[in-house]
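Spelled out from the first residue to the last, the chains are:
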Amino acid sequence: MTMSSEVALSGDLLLLGAGKMGGAMLHGWLDRGIPPARIIALDPSPPAEIAHTIARHGIRHNPALADMERVEALVLAIKPQNFDDVLPALAALKSHRPLVLSIAAGRTMAGIERHFGEDAAIIRAMPNVPAAIGRGITAMVANPNVSASQLGLAQFLLQAVGEVVRVEDEGLMDAVTAVSGSGPAYVFYLAECLAEAGIAAGLPEDLAIKLARATVSGAGELMQTSGRPAAELREMVTSPKGTTYEALAVLMAEGGLKTLLAKAVAAAARRSRELAR
Ligand SMILES: NC(=O)c1ccc[n+]([C@@H]2O[C@H](COP(=O)([O-])OP(=O)(O)OC[C@H]3O[C@@H](n4cnc5c(N)ncnc54)[C@H](OP(=O)(O)O)[C@@H]3O)[C@@H](O)[C@H]2O)c1
């Protein structure tokens, strides 16, 4: 069965964990034409909206492993802390020689290999929360057992929730986590701070929040659709000695936003290394 010019799925697609991220992927797969009959969802209690999708499309839900014919790809979308409880049972699927695609934060290639074997084809990926609206970005790293067609399949499955970039060195995943994985929270915080600053400057609370939200999302959208570098867009709206210029002089001063973000990203990357297993 051909889903795009490059990707063909001949076995089943098993989704373990149909929560926020697994559910977003499931919706993306259905939108991109993966036949529901090819999908199996394992999750004892998915959120109501996802349970509804599973039921409406007649997706196989929680069948016994023994009833699965050939699992071509196994997508691990449960919480990392559940891995060691849940994966030993799934190791029985090793005989299907599936592609194992994990999106769990902090679960290393070596940690996944401990469950599925060193000869398993494994991809470790880190998506981010705008995946919920198909606008995420996912970085992925593959072990040497992953074939070109499996790589294409993983890319197809992940592109269902946004852009995909490949990194060669797993060591970069901590920095990826710190920049794009945790990054949306930094941007939400920016919107909070901007609203509070607006209130301090005299705006009514509702208006300050509305202006800050629309400014952050609109600027992000402009950056995305224009394709122009952030610095160029910034310069475009900064006239010499104007209002933006004055504000940026504060943000760009020594010890300003650049220093703070560098510290924040370093702290997140350090934590990611500490949690990795
Ligand atoms: N959300 C993000 O922005 C994001 C970003 C990057 C990576 N990730 C990764 O994506 C994974 C899922 O995160 P999430 O935010 O989607 O979490 P989530 O909403 O809690 O989804 C996990 C789902 O797995 C279910 N589950 C629990 N035990 C299970 C079992 N034994 N078998 C099958 N399913 C089981 C959970 O059910 P219960 O709720 O009943 O426990 C839940 O529905 C995590 O590993 C996380 O690190 C998430």
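Heads up: the structure comes first, above all this text.
Residues numbered from 1 in each chain as written. Predicted model: local features only at pLDDT ≥ 70, side-chain atom pairs only at ≥ 80, totals over all residues. Heavy atoms only, no water.

**Observations regarding the site of the ligand**
Stage number 1. By nearness alone, 21 residues border the ligand, and Lys-20, Met-21, Asp-43, Ser-45 and Ile-78 come closest of all.
Stage number 2. Interatomic distance of 2.9 Å between a backbone N/O atom of Lys-20 and an oxygen atom of the ligand.
Stage number 3. Within the backbone of Ala-105, a nitrogen or oxygen atom sits 2.9 Å from an oxygen atom of the ligand.
Stage number 4. Here the ligand, which alone exposes 880 Å², has 75% of that area covered by the protein. (Near = heavy atom within 4 Å. Polar contact = N/O pair within 3.5 Å; in protein donor to acceptor, adjacent residues only side chain to side chain. Areas by Shrake-Rupley, 256 points an atom, 1.4 Å probe, with all protein chains shown as cover.)

**So, unusual backbone geometry**
Stage number 1. In this structure, Arg-97 takes a positive phi of about 50° despite not being glycine.
Stage number 2. As for its placement among the helices and strands, Arg-97 is situated in the loop between helix H3 (83–90) and strand S5 (99–102).
Stage number 3. Despite not being glycine, Lys-241 shows a phi value in the positive range, around 65°.
Stage number 4. Mapped onto the elements of the fold, Lys-241 is located in the loop between helix H9 (230–236) and helix H10 (243–251).
Stage number 5. Judged by its relative accessible area of 66%, Lys-241 is exposed. (Helix = DSSP H or I, 4+ residues; strand = E, 2+ residues; numbered from the N terminus. Buried < 20%, exposed > 50% of the residue type's maximum accessible area, 1.4 Å probe, protein only.)

**Concerning the pairing of strand S6 (residues 121–126)**
Stage number 1. Most of S6 is tucked away: six of the six residues are buried.
Stage number 2. Of the two faces of S6, the one lined by Ala-121, Ile-123 and Ala-125 and the one lined by Ile-122, Arg-124 and Met-126 are each fully buried.
Stage number 3. Bridge analysis of S5 against S6 gives four bridges, and the strand direction is parallel. Paired with Leu-101 across the strands is Ile-123, a residue of S6. (Pairing = 2+ DSSP bridges.)

**Quick notes on a negative patch on the surface**
Stage number 1. A contiguous patch of negative charge on the surface is contributed by Glu-192, Glu-196, Glu-205 and Asp-206.
Stage number 2. With respect to the secondary-structure elements, Asp-206 resides in helix H8 (residues 205–226). (Patch = residues over 30% accessible without salt bridge, like charges linked within 9 Å, V, L, I, M, F, W, Y side chains within 5 Å. Salt bridge = Lys/Arg side-chain N within 4 Å of Asp/Glu carboxyl O. Lys, Arg positive; Asp, Glu negative; His and termini not counted. Charge placed at Lys NZ, Arg CZ, Asp CG, Glu CD.)

**Looking at the packing of helix H6 (residues 173–181) against helix H7 (residues 183–200)**
Stage number 1. Where H6 contacts H7, the axes come no closer than 5 Å and their chain directions differ by 30°. By the angle class used here, H6 and H7 are roughly parallel. Of the residues in H7, those touching H6 at Ala-178, Val-179, Ser-180 and Gly-181 are Gly-183, Pro-184 and Tyr-186.
Stage number 2. Class assignment for the residues of the contact of H6 with H7 results in four nonpolar, three polar and no charged. (Axes fitted to C-alpha atoms, helices over the stretch in contact; angles between N-to-C directions. Parallel < 35°, antiparallel > 145°, perpendicular 65-115°, else oblique. Contact = heavy atoms within 4.5 Å. Nonpolar A, V, L, I, M, F, W, Y, C, P; charged D, E, K, R; others polar.)

**What to know about the packing of aromatic side chains**
Stage number 1. If you walk through the whole model with that rule in mind, you get zero aromatic pairs.
Stage number 2. For the cation-ring pair, Arg-32 lies above Phe-156, with the distance from its terminal atom to the ring centre recorded as 4.9 Å. (Phe/Tyr/Trp six-rings, centres within 6.5 Å; stacked < 30°, edge-to-face > 60°. Lys NZ or Arg CZ within 6 Å of the ring centre and 35° of its normal.)

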